[in-house]
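As a plain string of letters, each chain reads:
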Amino acid sequence: MNEVVIFAPSPVLTVTVEGRADHADIHLHAGGQGVWQARMLQALGASVTMCCVLTGETGQVLGHLVADEGIRVLAVRRAGRGAAYVHDRRGGERSQVAATQGEPLSRHDLDELYDLTLRAGLGADAIVLSGPAGEDVVPADVYRRLAADLRSTGRFVIANLAGERLTAALGGKVSVVKVSDDELLADGRISAPDEEQLFAAAYSLRDEGADTVIISRAEKPLLLLADDTLSEVCVPTMQIADPHGAGDSLTAGVAATLAAGGTIEEAVSVGAAAGALNVTRHGLGTGKAETVRLLRDHVRVYPVEWVPAFAKRLTPDELAQTVQNE
């Protein structure tokens, strides 16, 4: 099997304007973290099911767009305002014209979404927990509950989250957590993205409830903490067309490989290759599997020879106090 379920509570309808000032090309796509992960997972040969809520007019369009890509959709459908954005890229950079995060889920909608995800997850090889479009769409504790319930049945649970949702998922215990150094900085888990603090943060995340920790650092090597070994994962530097979606492609590569029975080292190598390829493209979460496989052969994993002793010893509370004092 190679079945992956994605918890994607609020996909986003994206409208992007490209071309020249006198000749606009308007592109309509499904977007959001879960959609970008699903797209790369499918490209890598996984069978993907996306569990989501489709809201209002934008939700109706999103349902068709996602299904047309061959992704199975299990959705709670409701009236209201869904997540969407309009971006103008005619100047070369993304300029936001308008955006909405959508409306929070009602208790009834949340119960239905939870049931859909649990049912699909129980028959899957791996489950990816992705974030919603807005901060208030889904209560953070849903991630703790889902992680705990799915892990209790022996599923691989992969969390690509930050903030309260990351903390909640760790409370439920996860197989893999993927987070960026920028997210750790924004969350106050580190005060600067230097190696000592990132090493300490990796061990702290492990102690909070992650079997394996992956920290992305933009153009720098990834950090991987697995089986108490900290490693750097190096991939060739690629010319960037659009950096958005690289982390989601990384997560998709990890999920696809673990679902197929690969080791965590193999999974991170495929994920690093998928993320590197994604930045060379304008389509988020896109890429050819053969190119990912070829690029994977150039990924190198090096154990970190020097890890400060305090990094392994600090508890999460002690690390937070250290960050606060600096």
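Provided above is the structure to which this section pertains.
If you're wondering where the values come from, they're calculated on a predicted model, not measured in any experiment.

Cut-offs and rules
- Residues numbered from 1 in each chain as written.
- Predicted model: local features only at pLDDT ≥ 70, side-chain atom pairs only at ≥ 80, totals over all residues.
- Heavy atoms only, no water.
- Pairing = 2+ DSSP bridges.
- Helix = DSSP H or I, 4+ residues; strand = E, 2+ residues; numbered from the N terminus.
- Axes fitted to C-alpha atoms, helices over the stretch in contact; angles between N-to-C directions.
- Contact = heavy atoms within 4.5 Å.
- Salt bridge = Lys/Arg side-chain N within 4 Å of Asp/Glu carboxyl O.
- Buried < 20%, exposed > 50% of the residue type's maximum accessible area, 1.4 Å probe, protein only.
- Expected span 1.5 Å × (residues − 1).
- Arc of directions from axis to C-beta.

**Some details on the sheet that holds strand β3 (residues 23-31)**
Moving on, step 1. Spatially, the four strands line up as an open sheet ordered β3-β2-β6-β7, and their pairing is mixed. Whereas interior strands pair on both sides, the edge strands pair on one side only; in this sheet they are β3 and β7 (95-100). In this sheet, adjacent strand axes meet at a mean angle of 15° when their direction is disregarded.
Moving on, step 2. Here nine bridges tie strand β2 (residues 12-20) to β3, and the two strands are oriented antiparallel to one another. Considered in β3, the bridge of Val12 is made with Gly31.
Moving on, step 3. Here helix α1 (residues 33-43) sits on the sheet and contacts β3 and β6 (84-88); the angle it forms with β3, its principal contact strand, is near 85°.
Moving on, step 4. Running over the sheet, helix α2 (residues 56-68) touches β2, β3 and β6 and is turned about 85° from β3.

**Quick word on the pattern of salt bridges**
Moving on, step 1. Counted under the stated rule, the structure contains 15 salt bridges.
Moving on, step 2. Arg81 is the salt-bridge partner of Glu103, the closest N and O atoms lying 3.5 Å from each other. Here Arg81 lies in the loop between β5 (72-78) and β6 and Glu103 lies in the loop between β7 and α3 (107-122), a separation of 22 residues in the sequence.
Moving on, step 3. Residue classification places Arg81 among the partly exposed residues on the basis of a relative accessible area of 43%.
Moving on, step 4. Salt bridges here are not isolated pairs; linked through shared partners, they connect Arg206, Asp207 and Asp228.

**Quick notes on the pairing of strand β11 (residues 210-217)**
Moving on, step 1. Taken across its eight residues, β11 has seven buried, putting it largely inside the fold.
Moving on, step 2. Relative to β11, strand β10 (residues 174-180) is paired through six bridges, and the arrangement is parallel. Its bridge partner being in β11, Ser180 is matched across the sheet by Ser216.
Moving on, step 3. When β11 meets strand β12 (residues 220-226), the two strands line up antiparallel, connected through four bridges. By the bridge assignment for β12, Ile215 is matched with Leu223.
Moving on, step 4. Once β11 ends, the chain turns through two residues before running back antiparallel as β12, passing Ala218 with a positive phi of about 55°.

**Digging into α3**
Moving on, step 1. Taking 1.5 Å of rise per residue, 16 residues should cover 22 Å, and α3 covers 22 Å from first to last C-alpha, within 8% of that figure.
Moving on, step 2. By the burial criterion, the buried members of α3 are Asp109, Leu110, Leu113, Tyr114, Leu116, Thr117, Ala120 and Gly121. In an axial view of α3, the angular spread of the buried residues amounts to 165°, which keeps them on one side of the axis. For α3, the exposed residues lying more than 90 degrees away from the buried face are Arg107, His108 and Arg119.

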